[in-house]
Amino acid sequence: MEIGSRRNMVSSENSPPLNSVTPLRRRTANRIYALIYASALLALFYRHVRQLLLLRFTTPVPVAAATLSLFVADSVLAFMWCTTQSFRVYPIRRTEYVENIPKVLKEEDFPALDVFVCTADPYKEPPIGVVNTALSVLAYDYPADKLSVYLSDDGRSELTLFAFMEAAKFAAHWLPFCRENKVVDRSPEDYFRSNRSIGSETERIKVMYEGMKVRIENVVAKGEAGKEFIEKERQALSPCTDAVTGQSHPPVIQVLVDNSQDRDIAGNGMPNLIYVSRGKSRTAPNNFKAGALNALVRVSAVMTNAPVVLTLDCDMRSNDPVTPRRVLCYLADPNLDQSKLAYVQFPQIFQGLDRDDIYASSFRSGFQMNPMGMKNGPDYFGTGCFFRRRALFGCPMAIVQLEIPELSADHVVERPIQSRENMELAHHVASGDYENMTNWGSKVGFRYGSLVEDYFTSYQLHCKGWKSIYCHPNRPAFLGDAPTSLIDMLNQLKRWVVGLHEVTFSRYSVVTYGFRFLGLLMGLSYAHYALWPMWAIPIVVYSVVPQLALINALPVFPMLSGPWSLLYIFLFLGAYSQDLVEFLLSGNGATVRQWWNDQRICLVRGLTCLLIGSLEFGLKCLSISIGGFSVTSKATNDEQRKMYEQGVFDFGASSLMFVPLSVAALVNFIAFARGLALSLAGALAVESLALQVLLASFGVVNGWPLYEAMFFRSDKGRLPTNITLASAFVAALLCAAAFLA
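Owing to the predicted nature of the structure, the values given are computational and were not obtained by experimental measurement.

### A closer look at helix α16 (residues 536-551)
Since the α-helix packs 3.6 residues into each turn, any two residues three or four apart lie on the same face.
(1) Moving on: With 16 residues, α16 should cover 22 Å at 1.5 Å per step; its first-to-last C-alpha distance of 23 Å lies within 8% of that length.
(2) Moving on: Counted residue by residue, α16 has 13 buried out of 16 residues, so it is predominantly covered.
(3) Moving on: Looking one or two places after α16, you find A553, whose phi comes out positive at around 65°.

And the structure:
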């Protein structure tokens, strides 16, 4: 049956409210400010047009180049500002009333829930962390016979499989312990890390957990040497859960906990826990995470086929056991149009960040600030999202017919989960070449064609007429681990850049396709993300062009005493002030220092991952490959962690991305020194070059951690000598050319 239309549900006329929507009070101020700022932008472009009309063939090349480049940069900035306003026109906050769920829906009528946890590399994503994620959702405050957890191991690692065999044993003790003691932190690692009084029962569970943790970490440390021990453990499981098909890499599916058979130590049923390593074929692409998720969609359809699906990254642990009931406040609300509700998205909240979040790893704008203002609901973040399974199989009014009836969203599973028929079909749909000549990844399931499968999937769902809901409770529903290494963070964002370009330059481009189906506001919201790499253009231009002009004593901004200078100052301070206010109002302990680091990292991204990622995409279009897919590491070494906790930037990786960043920092420093020298020469220089000097000083202040890494530090986080020398050489060439031009 469809969620929200069950026989025992209270009618909408008599049911208590399950949720409410409150428009944020700042929406009126946002609209008034947008009108004022837009007027200022029109004045800016009036000035730009006047300057462009003055260009002649005899105009010196430096003047023409600076004029044109600043016009292009300001055009991009103005467009991106317009896309940002789509989030600020009508921001809302939602509130759920979980206590009213029993009054609307009986527990035996709760919809079943399938949880998908994805991992790919046991060394970058330590198995003990994945185990904690799985245990935290296995312990949900939800009927055990309606809950199933599927692990996708795309790395096909015996280490991960062994870890989950251990987790299955520990779960029999952990689940009743959480239930009887009303534990809220249901990730064992998080629970025992907290300072709390420990009784005899808690001490017993902690000893068991530490023992499991040691065994898992020892086997991971031994690596290949642990395979023999793992194989013995596997033989203890039902032989029907293995498959040998003769493919390049046949699928492996093992039911580690079966609700119909297994009980915890209190005699209660346990949720299903299924390990899945999909098949890989040499003749078919694996489509990375989207392919792994689609394999889980098919395998789970055969085994349990729950109408609700939760997708989780392997490091995104549950932080609130009532989260599924909170989701029911929307999926079971008779007052909502359930026929168009595709998913409920929770924000990504990270723990383990340093006090000032020096790498802006929390991504507040994308995960917490912007989603509140998206007209038809937020985009899919790739984790912490409860999907209505039906939404993955076509538009709201038409279902895509599947090649096997058992995969349809309305299929009722009647056979036992480990029946021979189920296992054979599950292995078949998880095989590496199953998707050949099917609609999977194009019209069905999570979408292929981009490295950002999360963005692309929600983009297509919204274009098809589906809507979504952003749920941001006071207590975070999930807590994850953000990269604490600068190079890991930049590499992750570079992958996003390539993926966003793949969507932008496809037939599904938001410019030619999205606006037609999404409308203006939602189209601008998706354009904000799709065209995010364009930030590299104004950041590169404003990091170098005015500074090089300053070295040449060439003014590119209005004189300080003139009225036009006030326009530039207003545009700069206005944009930063509004961003600061929005940042502080986002909550969760936001501080001015965190905002400063956030804006600095925005500049760093523009000169590193946005720039290099765009170049990589261009080379990819020319069939020149310079890198492959890489899993973001969740493991850190002690020295790296120590630097991060002390708020010290780690530039120790010898990466090409640090070259343009270092060049810009050096150019700003030289330009600032040159500007001070010119200012001492006379009042005219002060008047005409003042804004350029201020801009260079802004660059110097933001670049101070890089100067330290280049010249003053001796630890492993200092900038490699070869990067420093290469950057200094390029910066010297640019400055010399500007001075002599």
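### Concerning the UniProt feature "binding site: UDP-alpha-D-glucose" (unreviewed entry) in the protein chain
(1) Moving on: Taking the numbering used here, the UniProt-annotated feature "binding site: UDP-alpha-D-glucose" (unreviewed entry) corresponds to K124, E125 and D154. These annotated residues cover 31 residues of sequence, and their C-alpha atoms all fall within 12.8 Å of one another, placing them together at a single site.
(2) Moving on: Considering the arrangement of structural elements, one finds E125 in the loop between β3 (113-119) and α4 (127-138).
(3) Moving on: Within the structure, E125 has its side chain in polar contact with the side chain of T119 (distance 2.7 Å).

### Re the pattern of salt bridges
(1) Moving on: Taken as a whole, this structure holds 26 salt bridges when the rule is applied.
(2) Moving on: Close ionic contact of D190 with R317 constitutes a salt bridge, the shortest N to O distance being 3.2 Å. Here R317 lies in strand β8 (residues 317-318) and D190 lies in helix α6 (residues 188-193), a separation of 127 residues in the sequence.
(3) Moving on: Judged by relative accessible area, which is 9%, D190 ranks as buried.
(4) Moving on: Accessibility expressed as a relative area gives 5% for R317, which makes it buried.

### Structural notes on the UniProt feature "transmembrane region" (unreviewed entry) in the protein chain
(1) Moving on: Those places that UniProt annotates as "transmembrane region" (unreviewed entry) correspond, in this numbering, to residues 32-49, 61-84, 526-545, 565-585, 651-673, 680-701 and 721-740.
(2) Moving on: Between the end C-alpha atoms of residues 32-49 there is a gap of 26 Å, over a span that is 100% helix and 0% strand.
(3) Moving on: Helix makes up 100% of residues 565-585 and strand 0%. Its end C-alpha atoms lie 30 Å apart.

### A look at the domain arrangement of the protein chain
(1) Moving on: As assigned here, the protein chain comprises domain 1 (26-89 + 512-624 + 646-740) and domain 2 (98-155 + 247-482).
(2) Moving on: The C-alpha-based centres of domain 1 and domain 2 are spaced at 39 Å.
(3) Moving on: Across the contact, 31 residues belong to domain 1 and 30 residues belong to domain 2.
(4) Moving on: Across the interface of domain 1 and domain 2, roughly 2,700 Å² is buried in total on both sides, 57% from carbon and sulfur atoms.
(5) Moving on: On inspection of domain 1 and its partner domain 2, the count reaches 0 salt bridges.
(6) Moving on: Taken together, domain 1 and domain 2 are joined by 10 residue pairs in polar contact (both at pLDDT 80 or more).
(7) Moving on: Elements that contribute at least two residues to the side of domain 1 that touches domain 2 include exactly α15 (510-530), α17 (563-585) and α18 (592-607).
(8) Moving on: Top element by residues in the side of domain 1 that touches domain 2 is α15. It accounts for 11 residues.
(9) Moving on: Tallied by class, residues from the side of domain 1 that touches domain 2 come to 14 nonpolar, 11 polar and 6 charged.

### Section: the nonpolar core
(1) Moving on: Counting 190 residues, the largest nonpolar core has W174, M303 and Y459 as the members making the most contacts within it.
(2) Moving on: Ranked by the residues each element gives to this core, the list is headed by helix α5 (residues 158-181), at 15 residues.
(3) Moving on: Shared between two domains, this core takes at least three residues from each, and those domains are domain 1 (26-89 + 512-624 + 646-740) and domain 2 (98-155 + 247-482).
(4) Moving on: Those residues in contact with Y459 that lie beyond four places of it in its chain are V503, Y508, S509, V510, Y513, G514, L518 and Y526.
(5) Moving on: Counting 22 residues, the second-largest nonpolar core is a separate cluster that includes W81, V541, A549 and L554.

### Considerations on a nonpolar patch on the surface
(1) Moving on: On the surface, a nonpolar cluster with roughly 430 Å² of combined accessible area is contributed by L560, L566, I569, F572 and L573.
(2) Moving on: Mapped onto the elements of the fold, I569 is located in helix α17.
(3) Moving on: Residue I569 is classed as partly exposed on the basis of its relative accessible area of 31%.

### A closer look at the pairing of strand β4 (residues 147-153)
(1) Moving on: Counting buried residues along β4, 7 of its 7 residues qualify, which places the element largely inside the surrounding structure.
(2) Moving on: In the sheet, β3 pairs with β4 via 7 bridges, with the strands oriented parallel. Looking at β4, one finds that F116 is bridged to Y150.
(3) Moving on: Running through α4, the crossover from β3 to the neighbouring parallel element β4 is right-handed.
(4) Moving on: Of the strand pairs in this sheet, β4 and strand β6 (residues 272-277) are connected by 5 bridges, and their pairing is parallel. Each bridged residue has a counterpart across the sheet, and for V149 the counterpart in β6 is L273.

Conventions we followed
Residues numbered from 1 in each chain as written. Predicted model: local features only at pLDDT ≥ 70, side-chain atom pairs only at ≥ 80, totals over all residues. Heavy atoms only, no water. Helix = DSSP H or I, 4+ residues; strand = E, 2+ residues; numbered from the N terminus. Expected span 1.5 Å × (residues − 1). Buried < 20%, exposed > 50% of the residue type's maximum accessible area, 1.4 Å probe, protein only. UniProt positions renumbered as here; feature names shortened; annotations may be inferred. Polar contact = N/O pair within 3.5 Å; in protein donor to acceptor, adjacent residues only side chain to side chain. Salt bridge = Lys/Arg side-chain N within 4 Å of Asp/Glu carboxyl O. Domains from an automatic or database assignment. Contact = heavy atoms within 4.5 Å. Buried area = accessible area lost by both parts, 1.4 Å probe. Nonpolar A, V, L, I, M, F, W, Y, C, P; charged D, E, K, R; others polar. Core = buried A, V, L, I, M, F, W, Y, C linked by side-chain atoms within 4.5 Å. Patch = residues over 30% accessible without salt bridge, like charges linked within 9 Å, V, L, I, M, F, W, Y side chains within 5 Å. Areas by Shrake-Rupley, 256 points an atom, 1.4 Å probe, with all protein chains shown as cover. Pairing = 2+ DSSP bridges. Right-handed = clockwise from strand over helix to strand, strands pointing away.

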